[in-house]
Amino acid sequence: MIDVYQAVADIIRTTLGPRSMMKMLIDAGGGIVVTSDGNAILREIDLAHPAAKSMIELSRTQDEEVGDGTTSVIILAGEMLHVAEALIDKSCHPTVICRAYNKALEDAIAVLDKIAMPIDAKDRGTMLGIVKSCIGTKVTSQFGDLIADLAIDATTTVDIKNYIKIEKVPGGQLEDSRVLKGVMINKDVVVPGKMKRKIVNPRVILLDCSLEYKKGENQTNAELLKEEDWSLLLRMEEEYIEELCMQILKFKPDLVITEKGLSDLALHFLSKHGVSAIRRLRKSDNNRIAKACGAVIVNRPYELRESDVGTGTGLFEVKKIGDEFFAFIVECKDPKACTVLLRGASKDLLNEVERNLQDAMSVARNIIKNPKLVPGGGATELTVSATLKQKSSSVQGIEKWPYEAAAIAFEAIPRTLAQNCGVNVIRTMTALQGKHANGENAWIGINGNTGDITDMKECKIWDAYNVKAQTFKTAIEAACMLLRIDDVVSGGSIKRQAPGAGKAPSKLKVETEANADSEQILPD
């Protein structure tokens, strides 16, 4: 089982650091994914072994919790199991190892608290530096401050993850990407010739109902005796739709958006009064528009109130980008939702930029939540490792060995960084261990671009405290969980027999020389 974990860790080991390699994957639908994001790689890999599946869950947990460090957590967990394997071979009980690992985790978090540096999250320059250093390991680091700027703009506009939408539109340059203070949707007004495509300070009404004549439930039969009855039926339908539209038009809207359908007659009444309309919008998009412009989604036109009308939008405009029309509801006064518009050469590039941007936004959000930094470039892991090695001499009993093994396992991150830089790993690691031997020089680490041993403060290579703490917790807890597994049992479904049905007679097995030593006995 430990071998399986190590095999998975080895797959994504090369994707750590700024000199990381990328993986090209063929997904279930036959499409190609090119990425260096640990979570994205593991998500696309099809694995049968249950232990390997739990490893995928590990990176998913890390991604959902803090959004970054998905590669580090797998490498660290793999290393924790690797060092435990030697101890298990020497008949050290897994429970003892888990106890020592948990003690090591407590001490590691204490070291993080000690070396963490508080910062001012409102200072944009500092934030820019932090986000840049966190995405310096990604492909998009070649575009300079662009992704970091987008991430900070998005997270300072809106603090809730669900209300930041990333729209990818192939074409143009990556430099054309921007954060919109509002919402962008892939829709055009329903009647382009008659309805306005640009409205300044629009009054917006959002609906969750259709402006169509209700069709009878099940099968409704109407008996028409005279010719006038047919025209009466049609007039009733028209009057019903007109009444619905008049209920809406009472509030003098400029833009009506509904999640359901709009009949041609309803469009006629709306366009006659100079109202633009958009229909069949996704529920999630409608919610985001409500958050952006301050409107309330209404289920029935009769229930409309003045307070339900959204007046917080500065501009509604429909633009053509490439071959498609996009509606922009932007320049909002106090938006609670925003959209990041990404442009780029190809879909593959845009997908990778989106993954990198998600990580950058998570880092920015983590810093705003908990404005503390720890050194990057493997410096934190080396400091933790050196401190745990010192403390291991005071650990009593048999737990001393697994405690020391956990200390050595933390060195996996700087070692992998050195490997990916292409420098002499043994020489670099020996030099780094010498610098950290007495627990000082906490900020000395490895520059992922050049492989030089430098001060992380000077290079401005930082990590968010939240990310690092979550990485340690997830990796060690997962390693402990797997060490406690002593057997893998298949729980396949057993076909139920009909009551009273006897067991079908099986064929007699005749023993050969090959299986003569086995304990099988022929039936009488």
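See the structure shown above.
Residues numbered from 1 in each chain as written. Predicted model: local features only at pLDDT ≥ 70, side-chain atom pairs only at ≥ 80, totals over all residues. Heavy atoms only, no water.

Peer 1: Lay out the overall build of the protein chain in plain terms, naming residues and giving numbers.
Peer 2: Of the regular secondary structure elements, the protein chain holds 17 helices and 18 strands. Rg of the C-alpha trace for the protein chain: 31 Å, well past the compact-globule value of 24 Å for 524 residues, more than 25% over. Based on the C-alpha atoms only, the size of the protein chain along its principal axes is roughly 95 × 85 × 40 Å. Buried positions account for 48% of the 524 residues belonging to the protein chain. Of all intrachain contacts in the protein chain linking residues separated by at least 6 positions in sequence, the fraction that spans at least 24 positions is 73%. (Helix = DSSP H or I, 4+ residues; strand = E, 2+ residues; numbered from the N terminus. Rg over C-alpha atoms; globule rule 2.2 N^0.38 Å. Buried < 20%, exposed > 50% of the residue type's maximum accessible area, 1.4 Å probe, protein only. Contact = heavy atoms within 4.5 Å.)

Peer 1: Residues and numbers for the packing of helix H12 (residues 379-392) against helix H15 (residues 425-436), please.
Peer 2: In a packed pair of helices, the relevant descriptors are the angle between the two axes and the axis-to-axis distance. Following both chains from N to C, one finds H12 and H15 inclined at 60 degrees, their axes separated by 9 Å at the closest point. Here H15 runs oblique to H12, going by the angle between their axes. As for the relative orientation of H12 and H15, their crossing is right-handed in sense. Between H12, through Ala 379, Leu 382, Thr 383, Ala 386 and Lys 389, and H15, the contact on the second element is made entirely by Met 429, Leu 432, Gln 433 and His 436. (Axes fitted to C-alpha atoms, helices over the stretch in contact; angles between N-to-C directions. Parallel < 35°, antiparallel > 145°, perpendicular 65-115°, else oblique. Left-handed = near helix turned anticlockwise from the far one by under 90°.)

Peer 1: Could you give an account of the pattern of salt bridges, naming the residues involved and the relevant values?
Peer 2: As enumerated under the stated definition, the model contains 24 salt bridges in all. Notably, a salt bridge pairs Arg 197 with Asp 188, separated by 2.5 Å at the nearest N-O pair. Lys 283 is the salt-bridge partner of Glu 259, the closest N and O atoms lying 3.7 Å from each other. With Glu 259 in the loop between strand S9 (255-258) and helix H9 (264-272) and Lys 283 in helix H10 (residues 283-293), the pair connects residues that are 24 residues apart, well separated along the chain. Given the relative accessible area of 13%, Glu 259 is considered buried. Where salt bridges share partners, they join Lys 165, Glu 167, Arg 282, Asp 285 and Arg 288 into one cluster. (Salt bridge = Lys/Arg side-chain N within 4 Å of Asp/Glu carboxyl O.)

Peer 1: How would you summarise the sheet that holds strand S13 (residues 324-330) if you had to cite specific residues and measurements?
Peer 2: Read across the sheet, 4 strands follow the order S6-S13-S12-S7 without closing on themselves; strand pairing throughout is antiparallel. The open sheet has two edge strands, strand S6 (183-185) and strand S7 (198-200), and neither has a second partner. Each strand of the sheet is rotated relative to its neighbour by a mean of 25 degrees, with strand direction disregarded. Relative to S13, S6 is paired through 3 bridges, and the arrangement is antiparallel. Looking at the pairing, Val 183 lines up with Ile 329 of S13. Where H10 meets the sheet, its contacts fall on S6 and S13, and the angle it forms with S6 comes to roughly 150 degrees. (Pairing = 2+ DSSP bridges.)

Peer 1: Break down the sheet that holds strand S3 (residues 117-118) for me, citing the residues and quoting the values.
Peer 2: Read from one edge of the open sheet, 3 strands run S3-S15-S18, paired in antiparallel fashion. One side of each edge strand has no neighbouring strand; the edge strands of this open sheet are S3 and strand S18 (462-464). In this structure, S3 lies alongside strand S15 (residues 372-375), joined through 2 bridges in antiparallel fashion. What sits directly across from Pro 118, in S15, is Lys 372.

Peer 1: Could you give an account of the environment of Arg 288, with specific residues and numbers?
Peer 2: Within the fold, Arg 288 resides in helix H10. A polar contact is formed between the side chain of Arg 288 and the side chain of Asp 285, at a distance of 3.1 Å. In terms of polar contacts, Arg 288 uses its side chain to reach the side chain of Thr 339, at 2.8 Å. (Polar contact = N/O pair within 3.5 Å; in protein donor to acceptor, adjacent residues only side chain to side chain.)

Peer 1: Any chance you could break down the pairing of S9 for me, citing the residues and the numbers?
Peer 2: A two-sided burial pattern is seen for S9, the buried positions comprising Leu 255 and Ile 257 on one face and Val 256 and Thr 258 on the other. Looking at chain direction, strand S8 (residues 204-207) and S9 are connected through 4 bridges and run parallel. Each bridged residue has a counterpart across the sheet, and for Ile 205 the counterpart in S9 is Val 256. As paired strands, S9 and strand S10 (residues 276-278) are joined by 3 bridges and run parallel to one another.

Peer 1: Which residues make up the packing of H12 against helix H13 (residues 400-409), and what values do they have?
Peer 2: Their axes nearest at 8 Å, the elements H12 and H13 cross at an angle of 165 degrees. Classified by the angle between their axes, H12 and H13 sit roughly antiparallel to one another. Here the hand of the crossing between H12 and H13 comes out left-handed. Packed against H12, whose contacting residues are Ser 385, Leu 388, Lys 389, Lys 391 and Ser 392, the element H13 presents Lys 400, Tyr 403, Glu 404, Ala 407 and Ile 408 at the interface.

Peer 1: Residues and numbers for the pairing of S15, please.
Peer 2: With 3 bridges joining them, S15 and S18 adopt antiparallel strand pairing. Among the inter-strand pairings, Pro 375 is bridged to a residue of S18, identified as Trp 462.

Peer 1: I'd like to hear about the nonpolar core, residue by residue, with values.
Peer 2: Core analysis: the biggest nonpolar cluster contains 56 residues, and Tyr 5, Ile 74, Met 80, Tyr 101, Phe 410, Phe 472 and Leu 483 have the highest contact counts within it. It is helix H5 (residues 94-115) that provides the largest number of residues to this core, a total of 11 residues. When near neighbours in sequence (up to four residues on either side) are disregarded, Tyr 101 contacts Met 80, Val 83, Ala 84, Pro 402, Ala 406, Ile 476, Ala 479, Cys 480 and Leu 483. Counting 42 residues, the second-largest nonpolar core is a separate cluster that includes Ile 205, Cys 209, Phe 269 and Val 309. (Core = buried A, V, L, I, M, F, W, Y, C linked by side-chain atoms within 4.5 Å.)

Peer 1: Tell me about H15, residues and numbers included.
Peer 2: Its 12 residues place the ends of H15 16 Å apart at the C-alpha level, agreeing with the 16 Å of an ideal helix rising 1.5 Å per residue. Taken together, the buried positions of H15 are Thr 428, Met 429, Leu 432 and His 436. Taken end-on, H15 shows its buried residues confined to a sector of 95 degrees, consistent with a single buried face. In this structure, H15 carries Ile 426, Arg 427 and Gly 434 as exposed residues pointing more than 90 degrees from its buried face. Looking at the buried residues of H15, the elements they touch are H12, helix H14 (412-421), strand S16 (444-446) and strand S17 (453-455). The N-terminus of H15 is capped by Asn 424, whose side-chain oxygen sits 3.3 Å from the backbone nitrogen of Ile 426. (Expected span 1.5 Å × (residues − 1). Arc of directions from axis to C-beta.)

Peer 1: Account for the side chain of Glu 167, naming residues and giving values.
Peer 2: Note on placement: Glu 167 falls in strand S4 (residues 164-170). At a separation of 3.3 Å, a polar atom in the side chain of Glu 167 contacts the side chain of Lys 165. Once residues lying within four places of it in the same chain are set aside, the contact partners of Glu 167 are Met 184, Thr 339, Val 340, Leu 341 and Leu 342.

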